[in-house]
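Chain by chain, the residues run as shown.
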Amino acid sequence: MEPIIGIDLGTTNSEVAFIIDSNAEILKDNDNGIVLSCVSIDPESKKIITGSEAANQALLYPENTVRSVKRAMGSNIEFLLNNTSYSPQEISAFILKNLKERAEKVINQPISKAVITTPAYFTDAQRMATREAGEIAGLTVVRILNEPTAAALAYESDNSENQNIMIYDLGGGTFDVSIVTIQNGVVEVLASTGDNHLGGDDFDKKIEEMLVSYIQDEFDCSVADSKSVMARLRRAAEQAKIQLSSAPYANIEEDYLYKNGSEDVHLSYELQRHEFEDMIEDYLDQTMTSVNKALADASMLPADLDKIILVGGSTRIPKLSQMLEEKFKMLPSQQIDPDLCVALGAAIQAGREMGIDSTGVLVDITPYTFGISALGEINGEFSPHKFVPMIKRNSKLPTAKSDAFSTVFDQQDGAELKVYQGESDNALENVLIGEYFFKLSKLPAHSTIIIKYELDINGILKIHALEKATGKELKKVIKNAFSQFSDKSLADSKNKINALWSKTSPPDQEKKETDASASLPEELLDIIQRAESLKADASSEDQEEIDRLIKDINNAFTAKDKEKAFLLGEELEDILFYIE
């Protein structure tokens, strides 16, 4: 059986888990299983460093270190390490490679497939970027799983009672709240909401800003422009936050922090827990607003909940548990380590993908409404930016919806389709996630075009269009659409990351990272080469199936399952028969 691992790719920490003897276990390497989501590069050796070693190096080379890359997923932000530019997907791929190698070392098998979690409130572009990061790291992402859903799976595995659960997930960079019902082994998400830019990083920033202000007042010097000083303050702020979760105050001591003229600046500050709670009160109130929204979406009252589950390291803040207890009259549960339960849930889902414990059912939802911009009325006034919902928020996954639209004028030979997500009637107030241009057959006015939205179990959107009069499926030109990588740029990124990673890997690991197709039998190589040459003539669905089969053939051969590789080759040849 080909192994599939479960990965929690977190803002601050990441973990990998696997089903061992029917139980989900965090895979450890002489540690607690937590890998810091930090990437750095040694400016002298050019070696890539990840985890705690990278976090330590941030103090020496902050300009060559990246933390909290998760917040940049799906964006065009570039990170500069040693004068080389990296995308968020490439930085994340280094973290995923660390986790992949850890898993291979522990279970002593090559690994090429994974379930990776994302915040429930991640956009389509952010989910696609996560999948691309996995591909760059050498992993086929068989499922993108919402983090609160993964946590529910981890708890449900030990509890078969029918119950309504609220998952409150506050991590280093993101916040989600989901209402989940568990009945007869079916885990169904009823509602999800949250904020992709709210988490422990923001709490650290508040402490950091306070310390900068204190140094300015106490020593009459500004340290905000010193990268090395700010890196030390950032670490001190995070440590103080963690300490305040179990103590009423934290002593922040940083000797020889800065040289103000000829005078050495030594920082010594006692931060009281109540001061910290005052700093982050607005953030905590924001999370409670989301809690109320999720309850309303699920048509539930606080009394309808049977359990509150806390997920993410930031939920250890005592004030947060106090707020939830006051509202729901019950003590929130941290029965499973908040830092680990998402990875454990991902492993449980990975086990299901492998055919282990396939009796349970998982029903997930989309937290966003997807739609397009069209002609219509907004508040009684005509507008070209009327938002037309196609798939509504909290729809169960997978789902597909179609609607009919009309051409505007005679001989219209094209139509631009702008895809948005959000809840406003005005499309311009929502988030533009892609633009498509459809070439038409010079249709008369009022000709019907059927637009179909498909949202898969990973929360990734696909769009199809059909001319009703001709039956022609429209070819689409994508502008700024969900994937930021072409096949070539994805391959280039993979080669770039592999080349750097090989400097940190032992020789046997370098061998594992080589392209499996190099050792494929000539018969399979011939089929793959034909597929690559014919792919441009195939439909979009066949192109995706061809790509999947080629990857699976390589993975099967790497795993020394030749029989499976040849069976997959036969499937690929069947597709080619119809294309040819």
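See the structure shown above.
Residues numbered from 1 in each chain as written. Predicted model: local features only at pLDDT ≥ 70, side-chain atom pairs only at ≥ 80, totals over all residues. Heavy atoms only, no water.

S.K.: Help me understand the sheet that holds strand β7 (residues 65-67), please; the structure alone is not making it clear to me.
M.R.: For sheets, the rule is that strands pair by backbone hydrogen bonds, running either parallel or antiparallel. If you trace the three strands from one edge of the open sheet to the other, you get β6-β5-β7, paired in antiparallel fashion. Two strands in the sheet have a free side with no partner beyond their single neighbour: β6 (48-50) and β7. Taking the axes of each pair of neighbouring strands and ignoring which way they run, one obtains an average angle of 15 degrees across the sheet. Against the sheet, helix α2 (residues 88-107) touches β5 (38-41), β6 and β7, its axis set at about 105 degrees to β5. (Pairing = 2+ DSSP bridges. Helix = DSSP H or I, 4+ residues; strand = E, 2+ residues; numbered from the N terminus. Axes fitted to C-alpha atoms, helices over the stretch in contact; angles between N-to-C directions. Contact = heavy atoms within 4.5 Å.)

S.K.: How do you make sense of a nonpolar patch on the surface when you look at a structure like this?
M.R.: Judged by side-chain polarity, L375, F382, V408 and F409 come together as a nonpolar surface patch covering roughly 460 Å² of accessible area. Residue placement: F409 occurs in the loop between β21 (399-406) and β22 (412-421). Residue classification places F409 among the partly exposed positions, given a relative accessible area of 48%. (Patch = residues over 30% accessible without salt bridge, like charges linked within 9 Å, V, L, I, M, F, W, Y side chains within 5 Å. Areas by Shrake-Rupley, 256 points an atom, 1.4 Å probe, with all protein chains shown as cover. Salt bridge = Lys/Arg side-chain N within 4 Å of Asp/Glu carboxyl O. Buried < 20%, exposed > 50% of the residue type's maximum accessible area, 1.4 Å probe, protein only.)

S.K.: Explanation requested: the nonpolar core in the structure shown.
M.R.: Across soluble globular proteins, nonpolar side chains have a tendency to be buried as a group. In this structure, I5, I7, Y86, I91, F94, L96 and I167 are the most contacted members of the largest nonpolar core, which totals 72 residues. Of the residues forming this core, the biggest block, eight residues, is contributed by α2. Among all residues touching I167, those that are not within four sequence positions of it are P148, A151, A152, D176, V177, S178, V180, I309 and V311. Formed by 49 residues, the second largest nonpolar core is a distinct cluster that contains V177, A191, I207 and I252. (Core = buried A, V, L, I, M, F, W, Y, C linked by side-chain atoms within 4.5 Å.)

S.K.: What is the right way to look at the sheet that holds strand β25 (residues 461-467) in this model?
M.R.: Spatially, β21-β24-β25 is the arrangement adopted by the three strands of the open sheet, whose pairing is antiparallel. Of all strands in the sheet, those bounded by a partner on one side alone are β21 and β25. Adjacent strand axes in the sheet meet at a mean angle of 20 degrees when their direction is disregarded. As judged from the seven bridges shared by strand β24 (residues 448-455) and β25, these two strands associate in the antiparallel manner. When the sheet's bridge partners are listed, I449 is paired in β25 with E467.

S.K.: Where do I start with the pattern of salt bridges in this structure?
M.R.: Pairs may arise between side chains of opposite charge once their charged atoms sit close together. Here the structure, examined in full by the defined rule, presents 24 salt bridges. In this structure, the salt-bridge partner of K100 is E104, at a minimum N-O distance of 3.1 Å. In this pair, K100 and E104 both sit in helix α2, four residues apart, roughly one turn of the helix. Under the relative-accessibility criterion, K100 is labelled buried at 5%. By relative accessible area, which is 3% here, E104 ends up buried. For the salt bridge of K462 with E544, the shortest nitrogen-to-oxygen distance reads 2.5 Å. Here K462 is found in strand β25, whereas its partner E544 is found in helix α14 (residues 540-558), with 82 residues between them in sequence. Residue class for K462 comes out partly exposed when judged on its relative accessible area of 33%. Among the charged side chains, a network of salt bridges with common partners joins E2, K113, E545, R548, D552 and K564.

S.K.: I would appreciate a short explanation of a negative patch on the surface in the present structure.
M.R.: Taken together, the side chains of E523, D526, E570, E571 and D574 present a region of like negative charge at the surface. Those elements that provide at least two residues to the negative patch are α13 (522-534) and α15 (562-579). Structurally, E571 can be placed in helix α15. (Lys, Arg positive; Asp, Glu negative; His and termini not counted. Charge placed at Lys NZ, Arg CZ, Asp CG, Glu CD.)

Function cannot be inferred from these measures alone, as they are strictly geometric.
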